[in-house]
Amino acid sequence: MHLSRAWDDEDITTAEISAATGAINTAVELGITLFDHADIYARGKSERLFGEVLQRTPGLRDRIVLQSKCGIRFAGNPSANSPGRYDFSREHLLRSVEGSLRRLNTGHLDLLLLHRPDPLAEPAEVAAAFDELQRSGKVRHFGISNHSASQISLLRKYVDQPLVANQIELSLLHHYPISEGVLFNRLDGIHADTAGTLDYCREHGILVQAWAPLASGKFSAPLAGMDEPMRSAAALVQEMARENNVSAEAVLTAWLLRHPADIQPIVGTTDPARLTAVCAADELRLTREEWYALLTAMRGQSVP
Ligand SMILES: NC(=O)c1ccc[n+]([C@@H]2O[C@H](COP(=O)([O-])OP(=O)(O)OC[C@H]3O[C@@H](n4cnc5c(N)ncnc54)[C@H](OP(=O)(O)O)[C@@H]3O)[C@@H](O)[C@H]2O)c1
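My aim in this report is to walk through the structure given alongside it, one point at a time. Starting afresh in each chain, residues are numbered from 1 along the sequence in its written order. Since the coordinates come from a predicted model, pLDDT governs what is reported: local features require at least 70, and pairs of side-chain atoms require 80 or more to be given and counted, while whole-chain, interface and lining totals use all residues. Neither water nor hydrogens contribute to the side-chain values; these are computed over all heavy atoms in the structure.

Right, let's talk about the pattern of salt bridges for a bit. We define a salt bridge as a contact between a side-chain nitrogen of Lys or Arg and a carboxyl oxygen of Asp or Glu at a distance within 4 Å. Evaluation of the coordinates by the stated rule reveals 10 salt bridges. A cluster of three or more residues bridged by salt bridges with shared partners is formed by Arg90, Glu91 and Glu132.

Below you can see the structure in the form of structure tokens.
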């Protein structure tokens, strides 16, 4: 999402191409193989930057898994008074994929995710679009993002292809899809919008991808300016980072990786040094005590 920082209509710059090349090369050297996009990121410029790097790096496309997302439309498109909205119509899905393929300089997406649920979606129409995209070889696999268990269940009734991934916000900061499970049947445990989604995905073999897994660096900030319980949680993350000689972001990533759902963190940093530091999470297996201590600190209270 952040390969280009500018969500405007200016062209991409050589400085942006050079920074994107550094970030992508570092990721590949670290063993990262999945790259997440969306048609809307930086108004298409993040995909364009990635496409530039792909074109300049022979063989790279065959070594990576490329995913993009579609279904969000900006305000002002096509007419000045069009509102920001979601659009899972067949026409929009097909048009969106064409745009992503063109910008990414690739013949196919390995994975296409529906970005955010569209209340006006006709599941049969989505199914028809998926069939067409798969038949033409433009998309190999399909998934969803920000979808609840019931929304996925409805879609699965119509779509022939397996839905292989659901990308949701998930981190130590935004822990609700995980922590709701320990709060079943309690008044303080009502998260109707996430209810059962993590378990549903596990049950049906749908990979859970965690967006914003690093909470945008909030746990690395100076503690002085923070309110509770964030302050205590950040203090504990920073202490564990010091003890293990890793970054705070590696601890956050290890917290997600410790969960048995095989959660896939979609790491957003494009800074090669931060990315390298995050990957130290591979070597850091948190104990049950450490995992619960972090959750307890972030929730500001013990488990029931
Ligand atoms: N499906 C969805 O609805 C959805 C929504 C949002 C995001 N996403 C996807 O998820 C990815 C990750 O989300 P995200 O980028 O918002 O969140 P993130 O991975 O939690 O945070 C990364 C962002 O925080 C900045 N940052 C500042 N201090 C940092 C530190 N100490 N350590 C690490 N990062 C720090 C990074 O800047 P630097 O690059 O300068 O390090 C980068 O902009 C996105 O790139 C996108 O692909 C999906």
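The discussion continues.
His2, Arg5, Asp36, Thr269 and Arg274 are the nearest of the 27 residues found near the ligand. For the ligand, a nitrogen atom lies 2.8 Å from a polar atom in the side chain of serine 145. Within the backbone of alanine 212, one N or O atom sits 3.2 Å away from an oxygen atom of the ligand. All accessible areas in this document rest on Shrake-Rupley with a 1.4 Å probe, and a residue is counted as covered only by the protein chains that are shown. Across the complex, the protein chains shield 86% of the 890 Å² of accessible surface that the ligand would expose by itself. Gly falls in the polar group here, along with every residue not listed as nonpolar (Ala, Val, Leu, Ile, Met, Phe, Trp, Tyr, Cys, Pro) or charged (Asp, Glu, Lys, Arg). Classifying every residue of the shell around the ligand gives nine nonpolar, 11 polar and seven charged. Here a residue is near a molecule or strand as soon as one of its heavy atoms is found within 4 Å of it. Two N or O atoms count as a polar contact when they lie within 3.5 Å, although within protein this holds only if one can serve as hydrogen donor and the other as acceptor, and sequence-adjacent residues are included solely when both atoms are side-chain atoms.

What follows deals with the environment of glutamine 209. Counting from the N terminus, the helices are the DSSP runs of H or I reaching at least four residues and the strands are the DSSP runs of E reaching at least two. Note that glutamine 209 resides in strand β8 (residues 207-211). Categorising residues by exposure relies on relative accessible area from a 1.4 Å probe, with only protein chains included: less than 20% of the type maximum marks a residue as buried, more than 50% marks it as exposed, and the intermediate range marks it as partly exposed. By relative accessible area, which is 1% here, glutamine 209 ends up buried. Along the primary structure glutamine 209 and leucine 170 are separated by 39 residues, whereas in three dimensions their C-alpha atoms are 8.2 Å apart. Any two residues whose heavy atoms approach within 4.5 Å are treated as being in contact. The residues contacting glutamine 209, other than those within four sequence positions of it, are Leu34, Gln67, Leu111, Leu113, Ala165, Asn166, Gln167, Ile168, Gln264 and Ile266. Side-chain polar atoms of glutamine 209 contact the side chain of glutamine 167, separated by 2.9 Å.

A few words now on the layout of surface pockets. With a 1 Å grid laid over protein atoms only, a set of points is called a cavity when a 1.4 Å probe fits there but cannot get out and a pocket when it is open yet has protein on both sides within 12 Å along at least five of seven lines; lining residues have an atom within 4 Å of a point. Grid points are joined across faces, edges and corners, and a volume is the space filled by probe spheres set on the points. Counted as a void, the second largest pocket has a volume near 510 Å³. Lining the second largest pocket are 25 residues, with Ile178, Ser179, Glu180, Gly181 and Val182 positioned closest to its centre. Sorting elements by how many residues they give to the lining of the second largest pocket places helix α12 (residues 288-299) first, with four residues. Here the lining of the second largest pocket is composed, by residue class, of 12 nonpolar, seven polar and six charged.

Turning our attention to the packing of aromatic side chains. Classification of ring pairs rests on two measures: the distance between centres of Phe, Tyr or Trp rings, Trp counted by its six-membered ring, which must be within 6.5 Å, and the angle between planes, read as stacked under 30 degrees, edge-to-face over 60 and tilted in between. Evaluation of the coordinates by the stated rule reveals six aromatic pairs. With a centroid separation of 4.9 Å and 5° between ring planes, the pair formed by tryptophan 255 and tryptophan 291 is classed as stacked. Of this pair, tryptophan 255 sits in helix α10 (residues 248-257) while tryptophan 291 sits in helix α12; the two residues are 36 residues apart in sequence, bridging distant segments of the chain. Note on tryptophan 255: relative accessible area 0%, which makes it buried. Take tryptophan 291: its relative accessible area is 10%, and that puts it in the buried class. Ring geometry for tryptophan 291 versus tyrosine 292: centroids 5.2 Å apart, planes at 80°, classification edge-to-face. We classify tyrosine 292 as partly exposed; its relative accessible area is 32%. Three or more aromatic residues joined by ring pairs form one cluster here, namely Trp7, Tyr41 and Phe74.

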